[in-house]
Structures are given as structure tokens and as C-alpha cells.
Amino acid sequence: MAQVIQPISPAAVDELAALRLELADTSTVELAEELPRMDLAEQALRFRLLPKDRALAVFEEFDTVHQQELLDGLKTDTVRELLDSMEPDDRAKLFEEMPAKVATRFQSQLSPSERHMTAQLLGYEPESAGRIMTPDYVSLRASMTAAAAIERIRHLRERPRHLDVLPVTDGHRKLLGTVTLADLVSADPDSLVHDLIADEHYQVSTDTDQEEAARLIQEANLIALSVVDHEDRLVGLITWDDAMEILEAEDTEDAARAGAAEPLERPYLSAGVFMLARKRAVWLLILAVSASLTVTVLNYYESYLANVTVLAVFISLLTGTGGNSGSQASVTIIRAMAVGEVRFSDAFRITWRESRVGFLLGAMLAAVGAPAVGFIYGWDIGFIIGLTLLLICTWSTFVGSLLPLLAKKVGIDPALVSAPMVSTLCDATGLLIYFSVAAVVLGPALTG
């Protein structure tokens, strides 16, 4: 018996029409933020109501986790069309995050040309410039005229999205430089492309670290950066929007480690409770073990505290001050390293500068704290607190500025020796300074 197809009610038609109007009035960025907050069925319904080009733009704004979730709610034909229309580098990033079997199945559904480009990108090392570049570009021959170059662009069968910067090569695909589309259009039609090449030329190789490439785009104010192989042959471009995503991801990673946690590598609301706990547990354990140094120091000087109990009153004040000043220095240096302002060769200048900063901070705190403590607890205790503040601040800023530089030198992410680690280290060493100063000032009264 044939199945009877129920007609769509007029009310449902009106609802869909209203929903289309609502979607049309919502920006791409807003849709990319709001759709993942809906349940999968509602998300898929709204996505299917978007025009093809708009749907692709919204999909490419999603995080890879949300892209995978949406693909599960769409029909096979829609998925195939969507994946085939994506930028090759965005598609490679999505496949990289998928389970291997799922990625292979999706990759087999692509058109031959798109499948080839995706496989090419996935063949490069993770976090390399080759992995994030787009192989979909238009290059020009240096011997072409401006008119011939424009004619070539005009008659392309499939025009790439990024035409603002056009690489220029010789007859063997060797990169010579770049020209901008604006210069090409405004040039004399008979002028050679070779004569229009920009004076300054930047390029990276396929195995360059992606953060280094992204920083270069940011610092040189580039729209796109050429990527070459080991024989200087052009293989792709890294565009400014991809560079900004890389820098955002790197800054997010550094911020997480500065807060004593591992980066989530996915949107917060998509991370489960156990994942959040797992990302923080290792660092808490490391810091707890590190904090045992403080306990050991206190245990060693237990007799000092028994003889002059007032010393115990200022322990938290001094360790907190030392930890905070060290953390300030480490965060400042880590950020300066991230944006390329300082390097290991500047270590002496940095530590000398930060030590003087710490000395000034300690002097200011001592000028305020020593008289107040001396008036209440005696001038010998006030002198101990003032001198300790001066020494602790100087030492902590020195340590906080040096550790990130040393970490970078030995190939460790400077964010790993972040503020909590520096703070814990400065707590223990700060107590050593405190009790050493007390021993010198109080002498027999402390040990007897």
C-alpha cells in the first residue's frame, strides 16, 4: 500500500517563512555563536534553511567540535556538498580532529581535486605552515603583462576566495615575489608583472612553525603569506584570517597554562566535567608537590618560630608578596616573548632590569610596612620585615623573569613555568630569605 504523504500545513509554512526572515536578518558571526547552543535537530533545521553560500560561511565559522556535531545531523548529500565547498585548509583541520575512520569516509566522498588538496595538506606535520596553508591560489608568471594577468583571472573556471595577493613565479614555479590585485588593476596594461612585484617580500617554508608564520603576518601587516617547499617552489598561501585563528588559539593555550591548567582545545560548554577536571588535576598535583618545599622550610625553622612566635604572623604576607611579584615578572616576560619583543640573548638586560624593578617595589613596600610593623611589634621586627620585603621582591622578579627565558632556551613552552609555578618557587625561597634575615638581626634571641 502506497504511503500517503501528509501536506505541510499553512501554519508550518508560515513558521518556516518567518524563520527564514529571522535567519536573513542575523549576521554570520551571530549565527555561528548561537546555533551551537541549540539542540542538534533545531540547529540542523535552521542550517538547512540558509542559502548555500551563507550556510558555508556559517559552517566555517564554527569550531571543529561544533562542525562535527552538525554534520551528524545533516543528510549525506548536504554533508558531501558542504565539505566539497570548504576551504582546503579548513577541511583538513576538521578531518584532523575527527576519528580516523570517519575522516576517511568523508574524504572519499570529495571530488578528486578537493580530495587531492586535502590529502596534500594532511601530509604535512601538525602545527606546521604546510598544514594551515591553502593550496587554492592564483599565481602569475613574471613575464606576463598586466593586461594578460587580469584576463587570466577573469577567465578562471573556479575563482579562489583570496585574490588580494597574487604570487609571482618563474617558469619553474620558483617564487619571485607577490603583487597586489590593486596594483595590477591600476598598472599600465602593457607593463610586466615582474615590474609590479612588491619591494618587500616575505615567505616561509612548509615546515615552519605555524605560530611563527602567523606572527610574521601580524607584524608585517600582510594579507597573505607565501609558502614554499625546500626548493623555493610555491605550494600555497597562508591568509590573514587563518593567521588570526592560530594566534587566538596560541594565546588561549598560554592563558590556560598561566592559570595552572592544560588548554581545553575545544569550546568550554562542549567540554565535560571530567575533561575539565582532568585538564586541571595534573597541574594541581605538580603545584601541591612543589608546595611541599614551603612545608619543608617551615619545618626546618620550627625552633625559630617557637622562640619568636611573632615571626609566624608575617609568613603569609611575605610569601604572598614574593609570589605575586615573581608572577608579575613572569607574565610580563612570557607575553613579551610571545610577540617577539625579547629573546634569550636579552637575558642579562631583562634580569638586570627586572631586578631593579623588584628592588624599587620592595623599597616602596618596605617604606610603608617597616614603620607600621615596628610601631606595633618592635623596631627590630620592623627592620626584619622591611629588609625581607626588599630582598624578596628583588629575588622574585629576577626568578620570574629568568625562568621563562631558560624554558624557551631548552625547548619548553615558557607558559609551563607560568605564574603559579613561579609563585610556588618564590614562596619557598622567600621563607629562606625571611628566616636568614631574622637570624642575623635577632641572633641569640632567635636560636636560644
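Residues numbered from 1 in each chain as written. Predicted model: local features only at pLDDT ≥ 70, side-chain atom pairs only at ≥ 80, totals over all residues. Heavy atoms only, no water.

Moving on, we come to the packing of aromatic side chains. Enumeration according to the criterion identifies four aromatic pairs in this entry. Both rings, one in F59 and one in F62, keep their centres 6.4 Å apart while their planes meet at 50°; by these two values the pair is tilted. A ring pair is formed by Y434 and F435, whose centres lie 5.2 Å apart and whose planes are at 35°; its orientation type is tilted. What makes Y434 buried here is its relative accessible area of 1%. (Phe/Tyr/Trp six-rings, centres within 6.5 Å; stacked < 30°, edge-to-face > 60°. Buried < 20%, exposed > 50% of the residue type's maximum accessible area, 1.4 Å probe, protein only.)

Pairing is mixed across the open sheet formed by three strands, whose spatial order is β1-β2-β3. Edge strands, defined here as strands with exactly one partner in the open sheet, are β1 (140-141) and β3 (175-180). Judged from the two bridges that link them, β1 and strand β2 (residues 165-169) form a sheet pairing that is parallel. Within β2, the residue paired with L140 across the bridge is V168. (Pairing = 2+ DSSP bridges. Helix = DSSP H or I, 4+ residues; strand = E, 2+ residues; numbered from the N terminus.)

Bringing empty space enclosed by the protein into the picture now. Counted according to the given criterion, the structure contains one cavity of 30 Å³ or more. Approximately 40 Å³ is the volume attributed to the largest cavity. Lining the largest cavity, in full, are H162, L163, D164, V165, I223, A224, L237, T239 and W240. In the lining of the largest cavity, the residues fall into six nonpolar, two polar and one charged. (1 Å grid on protein atoms, 1.4 Å probe; cavity = no way out; pocket = protein on both sides within 12 Å on 5 of 7 lines; lining within 4 Å. Points joined across faces, edges and corners; volume = space filled by probe spheres on them. Nonpolar A, V, L, I, M, F, W, Y, C, P; charged D, E, K, R; others polar.)

Attention now goes to the packing of helix α17 (residues 315-338) against helix α18 (residues 347-377). Running from amino to carboxyl end, α17 crosses α18 at an angle of 145°, the nearest separation of the two axes being 11 Å. Crossing of α17 against α18: the hand is right-handed. Of the residues in α18, those touching α17 at T321, Q328, A329 and I333 are I350, E354, L361 and L365. Here the contact of α17 with α18 is composed, by residue class, of five nonpolar, two polar and one charged. (Axes fitted to C-alpha atoms, helices over the stretch in contact; angles between N-to-C directions. Left-handed = near helix turned anticlockwise from the far one by under 90°. Contact = heavy atoms within 4.5 Å.)

A separate point is the confidence of the model for the chain. In this model, the chain carries an average pLDDT of 81, and 91% of its residues clear a pLDDT of 70 or more. Every residue in residues 1-10 scores below 50 in pLDDT, and together they form one contact with partners more than four places removed in sequence or on other chains. (pLDDT = per-residue confidence, 0-100.)

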